[in-house]
Amino acid sequence: MTIATILFTYNRSRHTRQVLDSLSRNTILPDKLYIFQDGPKETTNKEEWEAVGNVINNVSWCDTEVVISDQNKGLANSIKSGVCKVFQLYDAVIVLEDDCVSHPQFMEYMVKALKKYEQNKEVYHIGASSEPVDAEGNGTDAYFMGRINSCGWGTWKDRWEQFNNDYTMIAQIKRDERLYEWFKLWGEDTEACVLGNIDGTSDSWAAFWALTVIMKKGYCLAPYESLITNIGFDNTGVHSKDVQPILKLRSNEKTEKIVLPDKIEFVRNYKKVFSNYYPWTNPAVKNAYYKDVALDLLEMAQKRIMIADYLRRNGIQNIALWGRGRI
């Protein structure tokens, strides 16, 4: 199996340099590193964009191919086209963006996982970033879940060929009761990204890859300790803001052999652990619900109606509370 490593970058030279420096210190170096730089927009800082070009054209510690676009494709199109281009020559890819600083064992983990699960066609995605949840340990360094993570990842050509960019996927999922339950556990937040692509507030490829895997009920590998540190939560990126999730990171001093699970099965407590992680409601909808509930509560208080009696009478067994302040 042939494996290529890909770095996508744009106009953050300091971040790009940190990512490349961390990759150069890995215990296993890429056989071939493809670096794609998206083209400038009218609003792009040309000096910074050119600085990125200087950084990526001066990598000497591994075999590289630099592809600099003369037009701005945007994040989603850059990644889709770049991955497809590399898959014309390779069986598997390892993908980084310009804010993904890698642990020294990142490449070791990725290569080992891609080789180990190559023939397990139900495994679709290898993620290198941990999730901020308390997943039950299984005696290895990683576990299987039902959701992709795009912060340092890899996959195989035959899985990527199933990538679906169809905007009707969510509607298809919702028409299938069992699939919809799976979607609510692993991908409810993707609906906002898909809608954001339509109204121009986001430019996501990862939402469609996540939905593709959800529709297949595929397995995604995730480490208990993150092998990626995301340095993009500093308001310098187009898509990352300033709220950084708290992840359990693998110490750079930790060099024990990476151990991966032999059995392809979801982590034992996945329903409990992820039940409240990916479900998401549009803020506008949430605000409308909040106002409706506030009015109902006010009316009950004025009429001296017990809330418990109201809930029982209406068959309400579960309650989600949103908001802040005195309410």
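Above this text is the structure in question.
About the thresholds
Residues numbered from 1 in each chain as written. Predicted model: local features only at pLDDT ≥ 70, side-chain atom pairs only at ≥ 80, totals over all residues. Heavy atoms only, no water. Helix = DSSP H or I, 4+ residues; strand = E, 2+ residues; numbered from the N terminus. Rg over C-alpha atoms; globule rule 2.2 N^0.38 Å. Lys, Arg positive; Asp, Glu negative; His and termini not counted. Charge placed at Lys NZ, Arg CZ, Asp CG, Glu CD. Buried < 20%, exposed > 50% of the residue type's maximum accessible area, 1.4 Å probe, protein only. Contact = heavy atoms within 4.5 Å. Axes fitted to C-alpha atoms, helices over the stretch in contact; angles between N-to-C directions. Parallel < 35°, antiparallel > 145°, perpendicular 65-115°, else oblique. Left-handed = near helix turned anticlockwise from the far one by under 90°. Phe/Tyr/Trp six-rings, centres within 6.5 Å; stacked < 30°, edge-to-face > 60°. Lys NZ or Arg CZ within 6 Å of the ring centre and 35° of its normal. Arc of directions from axis to C-beta. Polar contact = N/O pair within 3.5 Å; in protein donor to acceptor, adjacent residues only side chain to side chain. Pairing = 2+ DSSP bridges.

K.L.:
In this structure, what is going on with the overall build of the chain? I would like to understand it.
P.N.:
In terms of regular secondary structure, the chain is built from 12 helices and 10 strands. Here the C-alpha radius of gyration of the chain, 22 Å, is about what a compact globule of 327 residues would show, namely 20 Å. Counting 40 positive and 43 negative side-chain charges, the chain places the averaged centre of each group 6 Å from the other.

K.L.:
What's the story with unusual backbone geometry in this structure? I'm lost.
P.N.:
A negative phi angle characterises most non-glycine residues, just as the trans form characterises most peptide bonds. Unusually for a residue other than glycine, Lys 217 sits at a positive phi of about 50°. Within the secondary structure, Lys 217 sits in the loop between helix H9 (206–216) and strand E9 (219–223). Exposure remark for Lys 217: the relative accessible area of 37% places this residue in the partly exposed category. Residue Arg 304 is not a glycine yet carries a positive backbone phi of 55°. Secondary-structure assignment places Arg 304 in the loop between helix H11 (283–303) and helix H12 (307–313).

K.L.:
Help me understand the environment of Leu 23 in this model?
P.N.:
Within the secondary structure, Leu 23 is located in helix H1 (residues 13–24). Among the residues examined, Leu 23 registers a relative accessible area of 2% and is labelled buried. Along the primary structure Leu 23 and Trp 61 are separated by 38 residues, whereas in three dimensions their C-alpha atoms are 9.8 Å apart. Not counting residues within four places of it along the chain, the set of residues in contact with Leu 23 comprises Thr 5, Leu 29, Pro 30, Leu 33, Trp 61, Leu 96, Ser 102, Phe 106 and Met 107.

K.L.:
Before we go on, may I ask you to explain the side chain of Arg 250 in this structure?
P.N.:
Relative to the helices and strands, Arg 250 resides in the loop between strand E10 (228–230) and helix H10 (270–274). What makes Arg 250 buried here is its relative accessible area of 6%.

K.L.:
Help me understand the packing of helix H8 (residues 190–199) against H9, please; the structure alone is not making it clear to me.
P.N.:
A pair of packed helices can be characterised by two numbers: the angle between their axes and the separation between those axes. It is at 9 Å that the axes of H8 and H9 come closest, and there the two elements cross at 135°. With respect to their mutual orientation, H8 and H9 come out oblique. Relative to H9, H8 is oriented so that their crossing is left-handed. Contacts between H8 and H9 involve Thr 190, Cys 193, Val 194 and Asn 197 from the former and Ala 207, Phe 208, Ala 210 and Leu 211 from the latter.

K.L.:
Explain the packing of aromatic side chains here, please?
P.N.:
Two aromatic rings, taken as a pair, are described by how far apart their centres are and by the angle between their planes. All told, the structure shown has 25 aromatic pairs when counted by the stated rule. Between Tyr 34 and Tyr 90, the aromatic rings sit 5.9 Å apart at their centres with planes inclined by 80°, giving edge-to-face as the arrangement. Here Tyr 34 is found in strand E2 (residues 33–37), whereas its partner Tyr 90 is found in the loop between helix H3 (75–86) and strand E4 (92–97), with 56 residues between them in sequence. Across the pair, exposure class does not vary: Tyr 34 and Tyr 90 are buried alike. By way of ring pairs, the aromatic residues Tyr 117, Phe 144, Trp 182, Trp 186, Tyr 219, Phe 266, Tyr 270, Phe 274, Tyr 277 and Tyr 278 are connected into one cluster. The aromatic ring of Trp 156 is capped on one face by Arg 159, whose charged end is 4.0 Å from the ring centroid.

K.L.:
Sorry if this is basic, but what is going on with H9 here?
P.N.:
Since the α-helix packs 3.6 residues into each turn, any two residues three or four apart lie on the same face. Burial analysis of H9 places nine of its 11 residues in the buried class, which makes it a mostly covered element. Of the positions making up H9, those classed as buried are Ala 206, Ala 207, Phe 208, Trp 209, Ala 210, Leu 211, Thr 212, Val 213 and Ile 214. Positive phi shows up at Lys 217, right after H9, with a value of about 50°.

K.L.:
Just to check I follow, could you spell out helix H2 (residues 46–56) for this structure?
P.N.:
Along H2, the residues classified as buried are Trp 49, Val 52, Gly 53, Val 55 and Ile 56. Seen along its axis, H2 keeps its buried residues to an arc of 160°; they face one direction. Exposed positions of H2 whose direction lies more than 90 degrees from the buried face are Glu 47 and Asn 54. As for H2, its buried residues are in contact with strand E1 (3–9), H1, E2 and strand E3 (64–68). The distance from a side-chain oxygen at the start of H2 to the backbone nitrogen of Glu 47 is 3.1 Å, and the residue carrying that oxygen is Asn 45.

K.L.:
What is the right way to read the pairing of strand E8 (residues 153–156) from this model?
P.N.:
Remark: a regular strand shows side chains that alternate across the two faces of the sheet. Along E8, one buried face is formed by Trp 153 and Thr 155 and the opposite face, lined by Gly 154 and Trp 156, is buried too. Note: E4 against E8, four bridges, orientation antiparallel. Paired with Val 93 across the two strands is Thr 155, which belongs to E8. Bridge count for strand E6 (residues 123–127) against E8 is two bridges, and the pairing is antiparallel.

K.L.:
Mind showing me how you'd approach the pairing of strand E7 (residues 142–145) here?
P.N.:
Residues Ala 142 and Phe 144 line one face of E7 and the alternating positions Tyr 143 and Met 145 line the opposite face, and both faces are buried. Bridge count for E7 against E9 is four bridges, and the pairing is antiparallel. Residue pairing in the sheet places Phe 144 in a bridge with Leu 221 of E9.

K.L.:
Please explain the sheet that holds E7 as it appears in this structure.
P.N.:
Consider a sheet: its strands pair through backbone hydrogen bonds, and that pairing is either parallel or antiparallel. In space, the eight strands of this open sheet follow the order E3-E2-E1-E4-E8-E6-E9-E7, with mixed pairing throughout. If you trace the sheet from one side to the other, it starts and ends with E3 and E7, each paired once. Taken over all neighbouring pairs, the strand axes of this sheet differ in orientation by 25° on average, direction set aside. Pairing analysis gives five bridges linking E2 to E3, with the strands arranged parallel. From the neighbouring strand, Gln 37 faces E3, where its bridge partner is Ile 68. Against the sheet, H1 contacts E1, E2 and E4, and its axis sits at roughly 160° relative to E1. Taken strand by strand, helix H4 (residues 106–116) contacts E1, E4, E6, E7, E8 and E9, and its axis lies near 150° from that of E4.

Purely geometric numbers; function is a separate question.
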